[in-house]
Amino acid sequence: MALALLLNTLTPHQSVRASTLAPVEAEFVTLLNRFRQKLGLQTLEIHPALQRAARKHSAWMAEQDRTLQDGDQLGHEGPGETDTMVTRILDHEGYAFRRVGENIACGIADAKTVFKMWALSPSHLTNMMNPHFREMGIAREGTGNEACPYYWTNDFGTRIQGKPDSAIKPTPQQIRHAIDGSINATESVTEESKTS
């Protein structure tokens, strides 16, 4: 029931593509788009190339499970020696972009916590509220038994075609209100679905 409620908040274009998302990923899409709406920003649609790039990078990070072992850090590079975020998205997935960005994390099982962690980090927040991004991919991979359980990748992009938008610059107070409102609204939906 909760998944159906979450998918109903997506655009028709998204709901078809969102069917490949795990429930925790669909919840993240809802949180992020609710946050963007509260700031007056356009919501993001799932794009297959960005979704594949996010899924592959999260899976690769989970397979490596390098974070917290021998002092390794999460990175936007890989799986190949010369692969960067740009080569993974442009060369491997064929997403010709004007703008692209990526957030990664590990050690978090649920969508609300990763959303809030990224929203409270200035560099990750910049991607989440970039008014120029139009599309995204989101993936959480892993078994939960890794040294850093669960690996998240959120890829953002805007394809080359189309015209650029004017920038919207929300105030810090508007951002805080949007973060809290997005999380609280999801908690209400979750409570309603438990009683249904």
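For the structure, check the block above.
A brief look at the structure comes next. (Residues numbered from 1 in each chain as written. Predicted model: local features only at pLDDT ≥ 70, side-chain atom pairs only at ≥ 80, totals over all residues. Heavy atoms only, no water.)

Focus: the overall build of the protein chain
(1) Moving on: Scanning the protein chain from terminus to terminus reveals eight helices and four strands.
(2) Moving on: Shown N-terminal to C-terminal, the secondary structure of the protein chain runs as helices and strands in the order α-α-α-β-α-α-β-α-α-β-β-α.
(3) Moving on: Out of the 196 residues belonging to the protein chain, those deemed buried represent 48%.
(4) Moving on: Taking the contacts inside the protein chain whose residues are at least 6 apart along the sequence as the reference set, 73% of them involve residues at least 24 apart.
(5) Moving on: Accessible surface, the protein chain: about 9,600 Å² in total, of which carbon and sulfur atoms supply 53%. (Helix = DSSP H or I, 4+ residues; strand = E, 2+ residues; numbered from the N terminus. Buried < 20%, exposed > 50% of the residue type's maximum accessible area, 1.4 Å probe, protein only. Contact = heavy atoms within 4.5 Å. Areas by Shrake-Rupley, 256 points an atom, 1.4 Å probe, with all protein chains shown as cover.)

Digging into the packing of aromatic side chains
Note on aromatic pairs: each is described by the distance of the centres and the angle between the planes.
(1) Moving on: Enumeration according to the criterion identifies five aromatic pairs in this entry.
(2) Moving on: Note on Phe-35 and Phe-115: the rings are 5.6 Å apart at their centroids and 80° apart in plane angle, and the pair reads as edge-to-face. Pair noted here: Phe-35 is in helix H3 (residues 23–38) and Phe-115 is in helix H6 (residues 111–119), with a separation of 80 residues, a long-range link. Each member of the pair, Phe-35 together with Phe-115, is buried.
(3) Moving on: On the numbers, 5.4 Å between centres and 15° between planes, the contact of Phe-133 with Phe-156 is stacked. Residue Phe-133 is found in the loop between helix H7 (122–128) and strand S3 (135–141), and its partner Phe-156 is found in strand S4 (residues 151–159); the two are separated by 23 residues along the sequence. Like Phe-156, Phe-133 is buried.
(4) Moving on: Seen from the ring of Tyr-150, Arg-140 lies directly overhead, with NZ or CZ sitting 4.0 Å from the centre. (Phe/Tyr/Trp six-rings, centres within 6.5 Å; stacked < 30°, edge-to-face > 60°. Lys NZ or Arg CZ within 6 Å of the ring centre and 35° of its normal.)

Comments concerning the side chain of Asn-130
(1) Moving on: Topologically, Asn-130 is positioned in the loop between H7 and S3.
(2) Moving on: We classify Asn-130 as buried; its relative accessible area is 15%.
(3) Moving on: Here the side chain of Asn-130 touches His-132 through a polar contact of 2.7 Å, landing on its backbone nitrogen. (Polar contact = N/O pair within 3.5 Å; in protein donor to acceptor, adjacent residues only side chain to side chain.)

Considerations on the sheet that holds strand S1 (residues 45–46)
(1) Moving on: In space, the four strands of this open sheet follow the order S1-S3-S4-S2, with mixed pairing throughout. Taken across any chain shown, the strands that pair with only one partner, and hence form the sheet edges, are S1 and strand S2 (97–106).
(2) Moving on: Relative to S3, S1 runs parallel, the two sharing two bridges. Bridged to Glu-45 within S3 is Glu-135.
(3) Moving on: Lying over the sheet, helix H4 (residues 48–64) contacts S1, S2, S3 and S4, oriented at roughly 25° with respect to S3. (Pairing = 2+ DSSP bridges. Axes fitted to C-alpha atoms, helices over the stretch in contact; angles between N-to-C directions.)

Some words on the state of the cysteines
(1) Moving on: For the coordinates displayed, the defined rule picks out one disulfide.
(2) Moving on: At a sulfur-sulfur separation of 1.9 Å, the disulfide partner of Cys-106 is Cys-148. Negative torsions about the S-S bond denote left-handed disulfides, and the value of about 90° found for Cys-106 with Cys-148 makes this one right-handed. Separated by 42 residues along the polypeptide, Cys-106 in strand S2 and Cys-148 in the loop between S3 and S4 bring together distant segments of the chain. (Disulfide = S-S within 2.5 Å.)

Some thoughts on the packing of H3 against H6
(1) Moving on: Closest axis-to-axis distance for the H3/H6 pair is 9 Å, and the angle between their directions is 40°. Our classification of the angle between H3 and H6 gives oblique. Judged by the twist between their axes, the crossing of H3 over H6 is right-handed. Residues Val-24, Glu-27, Phe-28, Leu-31, Leu-32 and Phe-35 of H3 form the contact with H6, whose participating residues are Ala-111, Lys-112, Val-114, Phe-115 and Trp-118.
(2) Moving on: Here the residues of the contact of H3 with H6 sort into nine nonpolar, no polar and two charged. (Parallel < 35°, antiparallel > 145°, perpendicular 65-115°, else oblique. Left-handed = near helix turned anticlockwise from the far one by under 90°. Nonpolar A, V, L, I, M, F, W, Y, C, P; charged D, E, K, R; others polar.)

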